Amino acid sequence: MQPDLKLLYTKMLRSRFFEESVAQLWREGLISGEMHLGTGEEAIVAGVVDHLQEGDAMALDHRGTSPLLMRGVNPVLLVREFLGRADGLCSGMGGHMHLFSKQHLAASSGIVGASGPAAVGFALAALYLRPGTLAVAFFGEGATNQGMLMEAMNLAVVWRLPVLFVCKDNNWAITTESSLAIGGELVSRARGFGMPAVEVDGRDVLAVWHAAREATDRARAGDGPTFIHARCHHLEGHFLGFQLLRIVRPPFIEALATTGPLLRSALRRRGAPLRDRLEGVEMIVRLILRTYKEDSAARRTDPLVRARRQLELEPAELAALEEEVAHQVREVIELATRPAA
Amino acid sequence: MRTKGFADAIEDALAQAMADDDRIIILGEDVHTIRRNLLVRFGKKRVMPTPISEGAFVGAAVAAAMAGLRPVVEVMLIDFVSVAMDALLNHAAKIAAFSGGRWRVPLVVRAACGGGYGDGGQHEQSLWGWLGHIPGLAVVVPSTPADAGGLMLAALEHPDPVIYLEHKLLADYWLDSMGAGGRKTVRYDVPAAGARGPVERVWRPVPIGRALQRRTGDDLVIVSVGVGVHRALEAAAVLAGRGISAGVIDLRTVAPLDAETVCETVGRTGRMLVVDEDYRDFGLSGELAAIVLEAGISGKYGRVCTEGTIPYARDLEDQALPNVSRIVAAAVELVEG
């Protein structure tokens, strides 16, 4: 079986346009609190979700919008949920971090690492009630330091459960870079539990698709879990309004607001010797420079750009496809934001 | 006297303590960013970011405290302490008892709490009653900058574990991070007197376990903590306009409770209304009723609390969390009903 690249690209595009519209609603203040987008993760999500069938389950993290959209959840219901409306997917009770669709066996959590045990439980139920189906756990690399996820990976191996552990690795746990937080290397870590583990470029939807094909085949055949490690960038950082991005992006208001107190504190009497203070300053400067660098890298390695290139369509055909998807998304937003009947 | 924001006050008091005592270290998720001002003054050995491994680093902080350090361990939001609960419930809280009082755990667990900005039920809980339920844990919840700094100092001097909760509506950086995100298009009901206020030039500890009467009143006393105190004060002003004189007690510490202050004021008015942003059942509001009854005081009692999972939708959330109109209605019912 070969991937339908045009279909995958269309799904990614739809997810991108959809989340960009959600971002606009957030900017307008129609969404109150946090908003974690999956922009930049689309190739990973599309490459995995494309293999899912009736009865398969998804355990999601705080970036559940894109997987649910690609799984076929009604996007109008998603928008209404984000707007906190009674006619939303979860009656306005959950919001974007706590999205649930019983019909799709899809459950989210805002607690980092929680998708691991959830996928194990879904897979256990699959074994008893829906042989041949499987469960996917989506999580970031930050979650791989969470005991519950490590315990879940072990459990999936010893119980030989049909689970795909999909690590969307953007190298940052909010503002903590992996080099400060992750010991060893994640693929070997997963192999240490006794499960096959593959490294794929998470910006290449075809690479993800092929890796997920093998993993889902293995799971459905009763041969146990697989760990897929896929690297990506987040186009909007950890969440919308991410402070580090506000520091490195124009108009740099946040940079100015941050610098004053920082310098005043660094110069205060009583505290560490100068060398230690400079190390502290260096840590902040490095953080900001890394953020700046990765923000531009994120744009250069956009998975949609890659997929579009692989697709080799005529420019006019591409433009028509984009316009069609954009039109669909506009219709969804228009319908979703209409006052309730 | 000078004026400070709630979050600045905590940081200022913490910096004063860190300069005085180099056993104090800060560890937790993202602290190199969140506590960057302390990082550049005290160095990275004293401000250590951790992986998202609450079970491990809170557990480690417990033992580090036993072995001589004075860690301030941060789990970002108190909702996330659930992941590290074993370290607190079965270890931090019990070492002193298990060792026959020979070994103490001078640990501060610092976290943001509370709702009112539309973040949903896994990020907006208060949980002070749940934590206060455990013998061996002190739980403090300041409502003003002066108390925020003073209680931080007291927590750092305390010989046993203290849970230090800062409400997100009062701590500007939390509200910006989790709520506004730099936007001007959202509004939150921030109590001005809690977000900014006068503080001493040099910090002194505010004793743990000591409540404060914020307003006197003859008809009833409203007992609250955190942002609830400000809602209660606002309600008391409304009630005054209707001829009802309501006092307001700011507990400041949930555990141990200042039974003396509560019983004394309730005894005088004969009516107690508890305003608690934490869950209603099996928590602070019931405990307050119990201590009053145990003291042999009879009177009328009511409570305005959070009753279920906090809804994401802002309008539902406003109804779920204690708000001024619910408090006024409950107070009127107590006095006139």
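A.B. asks: Before we move on, could you go through the overall build of chain A and cite the residues and values that matter?
C.D. replies: Each helix and strand in chain A was counted, giving 14 helices and nine strands. For 341 residues, the compact-globule formula gives about 20 Å, and the C-alpha radius of gyration of chain A, at 21 Å, lands near that figure. When its C-alpha atoms are laid out on the principal axes, chain A stretches across 65 × 50 × 45 Å. In chain A, of all internal contacts separated by at least 6 residues, the share reaching a separation of at least 24 is 74%.

A.B. asks: Pulling in residues and values, what's your account of the overall build of chain B?
C.D. replies: Of the regular secondary structure elements, chain B holds 15 helices and 14 strands. Its C-alpha atoms put chain B at 60 × 55 × 40 Å along the principal axes. Considering chain B as a whole, with its 337 residues, one finds that 61% of them fall into the buried category. Taking the intrachain contacts of chain B between residues at least 6 apart in sequence as the baseline, contacts between residues at least 24 apart amount to 76%.

A.B. asks: Would you mind going over the sheet that holds strand E7 (residues 162-167) of chain B in detail, with residue names and values included?
C.D. replies: Residue and element names in this part refer to chain B. In space, the seven strands of this open sheet follow the order E3-E2-E4-E5-E7-E6-E12, with mixed pairing throughout. Pairing within the sheet leaves two strands with one partner each, and these edge strands are strand E3 (47-50) and strand E12 (253-255). Neighbouring strand axes in the sheet, compared pairwise and without regard to direction, differ in orientation by 20° on average. When strand E5 (residues 108-113) meets E7, the two strands line up parallel, connected through six bridges. Paired with Val108 across the two strands is Val162, which belongs to E7. Of the strands in this sheet, strand E2 (24-29), E3, strand E4 (70-77) and E5 touch helix H4 (residues 54-66), which is tilted by about 160° from E4.

A.B. asks: Hey, could you go over the interface of chain A and chain B for me, with residue numbers and the actual values?
C.D. replies: Contact with chain A, which involves 49 residues of that partner, is made by 42 residues of chain B. Those elements that place two or more of their residues in the side of chain A that touches chain B are helix H7 (178-181), helix H10 (243-248), helix H11 (253-266) and helix H12 (274-300) of chain A. Top contributing element to the side of chain A that touches chain B by residue count: H12 of chain A, with eight residues.

A.B. asks: Kindly report on the environment of Gly115 of chain B, identifying the contributing residues and their values.
C.D. replies: Along the chain, Gly115 of chain B turns up in the loop between E5 and helix H7 (128-132). Setting aside anything within four residues of it in sequence, one finds Gly115 of chain B in contact with Glu124, Ile310, Glu317 and Leu321 of chain B.

A.B. asks: If you had to explain the domain arrangement of chain A to someone new, which residues and values would you point to?
C.D. replies: Here chain A is partitioned into domain 1 (5-235 + 302-337) and domain 2 (243-297). With centres defined by C-alpha atoms, the gap from domain 1 of chain A to domain 2 of chain A works out at 33 Å.

A.B. asks: Any details on the confidence of the model for chain B? Residues and values, ideally.
C.D. replies: Residues and elements named next belong to chain B. Mean pLDDT for chain B: 98, with 100% of residues reaching 70 or above. Across chain B, strand E6 (residues 138-140) holds the top mean pLDDT of 99, while helix H9 (residues 172-180) sits lowest at 96. Here the predicted complex carries an ipTM of 0.96, next to a pTM of 0.98.

A.B. asks: Just give me the short version of the packing of helix H4 (residues 75-82) of chain A against helix H14 (residues 315-337) of chain A, but keep the residues and values in it.
C.D. replies: All names here are of chain A. Contact pair H4 / H14: the axes reach a minimum separation of 9 Å and the direction vectors enclose 50°. It follows that H4 is oblique to H14 by the angle criterion. Seen along the crossing, H4 lies across H14 with a hand that is right-handed. Across the interface between the two elements, Pro75, Val76, Val79 and Arg80 of H4 pack against Val332, Ile333, Leu335 and Ala336 of H14. Tallied by class, the residues present in the contact of H4 with H14 amount to seven nonpolar, no polar and one charged.

A.B. asks: For H4 of chain A, give the residues involved together with the corresponding values.
C.D. replies: Residue and element names in this part refer to chain A. Of all eight residues in H4, six are buried, a share of seventy percent or more. If you check which residues of H4 are buried, you get Pro75, Leu78, Val79, Arg80, Glu81 and Phe82. Elements in contact with the buried residues of H4: helix H1 (5-27), helix H3 (65-71) and H14.

Reading the values: the criteria
Residues numbered from 1 in each chain as written. Chains lettered and ligands numbered in written order. Predicted model: local features only at pLDDT ≥ 70, side-chain atom pairs only at ≥ 80, totals over all residues. Helix = DSSP H or I, 4+ residues; strand = E, 2+ residues; numbered from the N terminus. Rg over C-alpha atoms; globule rule 2.2 N^0.38 Å. Contact = placed C-beta atoms within 7 Å. Buried ≥ 20, exposed ≤ 12 C-beta atoms within 10 Å, placed from the backbone. Pairing = 2+ DSSP bridges. Axes fitted to C-alpha atoms, helices over the stretch in contact; angles between N-to-C directions. Domains from an automatic or database assignment. pLDDT = per-residue confidence, 0-100. Parallel < 35°, antiparallel > 145°, perpendicular 65-115°, else oblique. Left-handed = near helix turned anticlockwise from the far one by under 90°. Nonpolar A, V, L, I, M, F, W, Y, C, P; charged D, E, K, R; others polar.

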